[in-house]
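# Coordinate inspection notes
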Amino acid sequence: MMLAAFDVWILSFSALTVLVTIGMGYWAAQKSRTASDFFVAGRGVSVGWNASAISGEYLSSASFMGVAGMVMSSGYDALWYPVCYACGYLFLLLFIAGPLRRFGAYTIPDFAEGRYDSPLFRKIAVIFVLFIGFFYTMPQMKGAGTTLSYIFKDISWFGEKGLPYPVGVVLVGGVITFNVAVGGMKGITLVQAFQYWLKMFAISVPVFVLMSVYGSYGTQLSVQGQPASAAVVQTASSGGAATAESLRKPLPTKAPVDASWLNPFGPLTSKAAKAAKIEGPASRPYALLYTYSLIIAIVCGTAGLPHILVRFYTNPDGVAAKRTTMWVMILIGVFYVFPPVFGVMGRNLLPALYEGTGVNGTDKIVLELPKVLDAAGGPGSIRWGSILSGITCAGAFAAFMSTFSGLLVSMTGALAHDVYGRMLRPESSAADRMQMFKWCAALTGGVATLLGCFVEPLEINFMVGQAFAIAAASYFPLLFMSVWWRGMTLQGAATGMLSGGIFALMAVALTNVSTLSLDKGPMGRLFAPFAPLNDFWAHHPLLRILCEQPAIWTVPMSIMLMILVSKLTRSSIPSDVRLKMLVLHAPEKLGLKQDYIREHEGVGH
Amino acid sequence: MLRGMATPDSDPHEHTHSESFLRSLMRRQLKLSITCALSFLIALLGLPLLNYFMPEVMSGRVGGFTLSWLILGILFFPLVWGIAWVFIRRSISLEDLEVEEVNARKRQHATPRR
């Protein structure tokens, strides 16, 4: 009777994904022997593999589950997320990828130290790798917790609600941490590439099947803005497969109405104004401000995500790095067309999710939507809905496993390579560092899992947007200005990066604690002291927007500070700045990098 | 170590380390990047303005989609690919040109010395 407690298809597809991931990681670990293999996969990965791996790492829970959930809950405004994730990648290609690759360093801390000859700056950069990394792991953990409690939702021996959210988080966190500790990066390139294709398959196939039964993307959208009864009449008169089910189920009162859902400046961007009782046309300027701030955060933030940048070094040369990026843009662009379709169909076919919160809210739409096919099919037929739902669960596993592993590698790398290998024990041997890599993986994995337990009430996609906002105000100005402006000094770079990052971090944290205090579950009690903040937000909608989406002021502030402080400390521009700029910008074929390294050694640096 | 290198372009090796070479290198690359960035920033930052000032047009229906949804949900991605493709092609040929220029200079300097 145990098996009746959960869906066999869903469980077996998910279990298979986990086993294949671990198996591939373990198999690849047998081949990774040297430290260089462990950290950046030996720099010899082909364009196709590398592009799939980058895309696999980039498409996180936010892309796989969060975008669909947010389109369902907020409508049009949520479409900015996938578009800006893709545009951000383009921005990275245009301004940062090429120079950074030519400079030749493993990580952002390497770059920070190399560009300014300052071990101190390396330490600051390392701390930020950890900050942004942890912020970005939280939504992945929410994805993990949501998926596990969906899979085991009918189990009764954990209490009425099925598997508790934190159990899912701890389980997944533990498995991935172990996998990273034994495999290192080499394992991950292979696994990430496999996981991209799994995610692509898992998001696209159910969409096509659902569209063949319930009507295309356009048809599904066309019923928005029409009364539900009209939609039913239309379908009934046209006959076809959808007659049994109406094209659209009635919306619960908690769902946003059609007009605000379908059109720009809807619930997501005008929330703050609404809380302040500003309605109608008067709320539109607030919504426009929110939209722009969101765009800046994601476009600039992509360029500063530590685990994405490190992949540019796994290409054999600059031309290959550029080709890889082109393929990444295509791979992620095609992917991003699909999640919003789930959101639109979810609104029509599974509106009950609007009433759920936490793990039962719209974030699980990708997992649960295919199940509606089971109800549509006659008795005795194959349960296609369960099979497809099993496939999307497998995709969700691939999503949080791949991004979480990627983050764990870059954070663990920072700890083992920088904190231990350079700060604490510079005399340690390569074997010591390999050993330390494993311990650091356990440490970072543990902390990330713990943090993940707190964020059940927050939307996945929203949290990722905030991680991007912090990266946008710290790493993006650092990289952009250091690459293109010779006048930057160490003091300017550090001041700009630190103040931008810290202000963004504080603004975002303030918003989150006030949101968590509204939760009806245990988190609400834990964060209750912050509840008065919500009254403050209601009186100051503008401040609320500027705290929730800080990029519009933190990014310019950071860049201005960099320019200002650099001008004031002009005397301390590194003496060899011209040589460094040359390495950053001269084509690799000229072979100037060798010059740079040789001369550097000559100085006795 | 660097002061010795700032001498005028008497030697091909010195040329690649000269101020003028670096300046033209960075200027050309930045120009290309900014041109490409502008073409997608206009679209990305212009769409909210269109939504704001022309809501009737943007909520018009095209095959079930609203116009704005069609642009943001689907058409934006091919635009991004187009810009990326143009940039990659141009930046590879720009690099080749730069290498060719340096090599031509080297040949020029190598002949009279012998």
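Think of each chain on its own: its residues are numbered from 1, step by step along the sequence as written. Numbering of ligands from 1 and lettering of chains from A proceed in the order in which they are written. Restriction of local features to residues with pLDDT of at least 70 applies here, the model being predicted, together with a cutoff of 80 or more for giving and counting side-chain atom pairs; totals for whole chains, interfaces and linings are based on all residues.

### Points about the overall build of chain A
Where we set the bar: Secondary structure elements follow DSSP: runs of H or I no shorter than four residues count as helices, runs of E no shorter than two count as strands, and numbering proceeds from the N terminus. Residue burial here comes from a neighbour count, namely the number of other C-beta atoms, placed from the backbone, that lie within 10 Å of the residue's own C-beta, with 20 or more meaning buried, 12 or fewer meaning exposed, and in between meaning partly exposed. Residues are scored as being in contact if the C-beta atoms we place from backbone atoms lie within 7 Å.
Counting its secondary structure elements, chain A contains 28 helices and zero strands. Looking at chain A as a whole, 58% of its 605 residues are labelled buried. Sequence-distant contacts in chain A: of pairs separated by 6 or more residues, those separated by 24 or more amount to 81%.

### Quick word on the overall build of chain B
Secondary structure assignment for chain B yields four helices and two strands. Moving toward the C terminus, one meets the helices and strands of chain B in the order α-α-α-β-β-α. Looking at chain B residue by residue over its 114 residues, the buried ones come to 28%. Contacts in chain B between residues at least 24 apart in sequence constitute 56% of all its contacts with a sequence separation of at least 6.

### Things to note about the interface of chain B and chain A
The figure often quoted for interface size is the accessible area lost as the parts come together. Filter applied, for reference: Any residue that is not Ala, Val, Leu, Ile, Met, Phe, Trp, Tyr, Cys, Pro, Asp, Glu, Lys or Arg is counted as polar, Gly included; the first ten are nonpolar and the last four charged.
Contacts between chain B and chain A engage 44 residues on the former and 48 residues on the latter. For the side of chain B that touches chain A, the elements supplying multiple residues, two or more each, are helix H2 (19-53), strand E2 (65-66) and helix H4 (67-113) of chain B. If you tally residues by element for the side of chain B that touches chain A, the top one is H4(B), at 20 residues. Residues of the side of chain B that touches chain A, tallied by class, amount to 29 nonpolar, twelve polar and three charged.

### Comments concerning the packing of helix H12 (residues 267-275) of chain A against helix H25 (residues 541-548) of chain A
All names here are of chain A. As a reminder, the rule being used: Axes, fitted as lines to C-alpha atoms, cover a helix only where it is in contact. Angles between the N-to-C directions of the axes lie from 0 to 180 degrees. The crossing is said to be left-handed when, going from far helix to near helix, the turn is anticlockwise and less than a right angle, and right-handed when the turn is clockwise.
Contact geometry of H12 with H25 gives a least axis separation of 8 Å together with a crossing angle of 145°. H12 and H25 meet at a crossing whose hand is right-handed. Across the interface between the two elements, Ala272, Ala273 and Ala275 from H12 touch Pro541, Arg544, Ile545 and Glu548 from H25.

### Re helix H13 (residues 284-302) of chain A
To be explicit about the condition: Helix span, as expected, comes to 1.5 Å for every residue beyond the first.
A rise of 1.5 Å per residue sets the reference length of H13(A), with its 19 residues, at 27 Å; its end C-alpha atoms lie 27 Å apart and thus fit the reference within 8%. Of all the 19 residues making up H13(A), 15 are buried; the element is thus mostly covered by neighbouring parts of the structure.

### Observations regarding the nonpolar core
In plain terms, the rule: For this entry, the nonpolar core is defined as buried Ala, Val, Leu, Ile, Met, Phe, Trp, Tyr and Cys residues connected by C-beta atoms within 7 Å.
By size, the foremost hydrophobic cluster in this structure holds 208 residues, and its most contacted members are A:Ala86, A:Cys87, A:Leu90, A:Ile332, A:Ile470, A:Ala472 and B:Val80. Counting residues per element, this core draws most heavily on helix H19 (residues 384-424) of chain A, at 20 residues. Setting aside anything within four residues of it in sequence, one finds A:Ile470 in contact with A:Phe131, A:Ile132, A:Phe135, A:Gly501, A:Ala504, A:Leu505 and A:Val508.

### Some remarks on H19(A)
Residues three or four positions apart in an α-helix share a direction because the helix packs 3.6 residues into each turn. Between its first and last C-alpha, H19(A) extends 56 Å over 41 residues, near the 60 Å set by a 1.5 Å rise per residue. Here H19(A) lies mainly inside the structure; 35 of its 41 residues are buried.

### Remarks on the environment of A:Val483
Residues and elements named next belong to chain A. Residue position: Val483 is located in helix H21 (residues 460-484). Val483 sits 101 residues away from Leu584 along the chain, and the two C-alpha atoms are 7.0 Å apart. Residues within four places of Val483 in sequence aside, it is in contact with Phe95, Ile96, Pro99 and Leu584.

### What about unusual backbone geometry?
Residues and elements named next belong to chain A. Of note in the backbone geometry, Asp117 takes a positive phi value of approximately 50° without being a glycine. Relative to the helices and strands, Asp117 is located in the loop between helix H6 (108-116) and helix H7 (119-151). For Asp117, a count of 15 C-beta atoms within 10 Å puts it in the partly exposed group. The backbone phi angle of Phe265 is positive, close to 60°, even though this residue is not glycine. With respect to the secondary-structure elements, Phe265 resides in the loop between helix H11 (258-262) and H12. Take Phe265: there are 24 C-beta atoms within 10 Å of it, and that puts it in the buried class.

### Let's talk about the confidence of the model for chain B
Residue and element names in this part refer to chain B. The line we're drawing: How sure the predictor is of each residue is captured by pLDDT, a score from 0 to 100.
Per-residue confidence for chain B gives a mean pLDDT of 83; residues scoring 70 or more make up 84%. Scored below 50 in pLDDT, residues 1-10 makes 13 contacts in the model with residues more than four places away or belonging to other chains. Model confidence for the complex: the whole-complex pTM is 0.87, and ipTM, which rates the interface, is 0.85.

### Re the environment of A:Leu415
Residue and element names in this part refer to chain A. The residue Leu415 is located in helix H19 in this model. Take Leu415: there are 22 C-beta atoms within 10 Å of it, and that puts it in the buried class. Along the backbone, Leu415 and Met436 are 21 residues apart, and their C-alpha atoms lie at a distance of 8.8 Å. Residues contacting Leu415, with those up to four places away along its chain left out, are Tyr420, Cys440 and Thr444.

### Observations concerning the confidence of the model for chain A
Residues and elements named next belong to chain A. Mean pLDDT for chain A: 81, with 84% of residues reaching 70 or above. Taken together, the stretch residues 35-42 has pLDDT below 50 and engages in 27 contacts with residues farther than four places along the chain or on a different chain. For the stretch residues 228-245, pLDDT sits under 50, and the model shows 21 contacts to residues farther than four places along the chain or on other chains.

### Section: the packing of H19(A) against helix H20 (residues 430-452) of chain A
How two helices pack is summed up by the angle between their axes together with the distance between the axes. All names here are of chain A. Put simply, the rule is: For classification purposes, angles smaller than 35 degrees are called roughly parallel, those larger than 145 roughly antiparallel, those between 65 and 115 roughly perpendicular, and all remaining angles oblique.
Interaxial distance between H19 and H20 falls to 8 Å at its minimum, and their mutual angle equals 130°. Judged by the inter-axis angle, H19 sits oblique to H20. Pair H19 / H20 crosses with right-handed handedness. Taken together, the residues of H20 that come into contact with H19 (itself represented by Leu408, Met411, Thr412, Leu415, Ala416, Tyr420 and Gly421) are Arg433, Met436, Phe437, Cys440, Ala441, Thr444 and Gly445.

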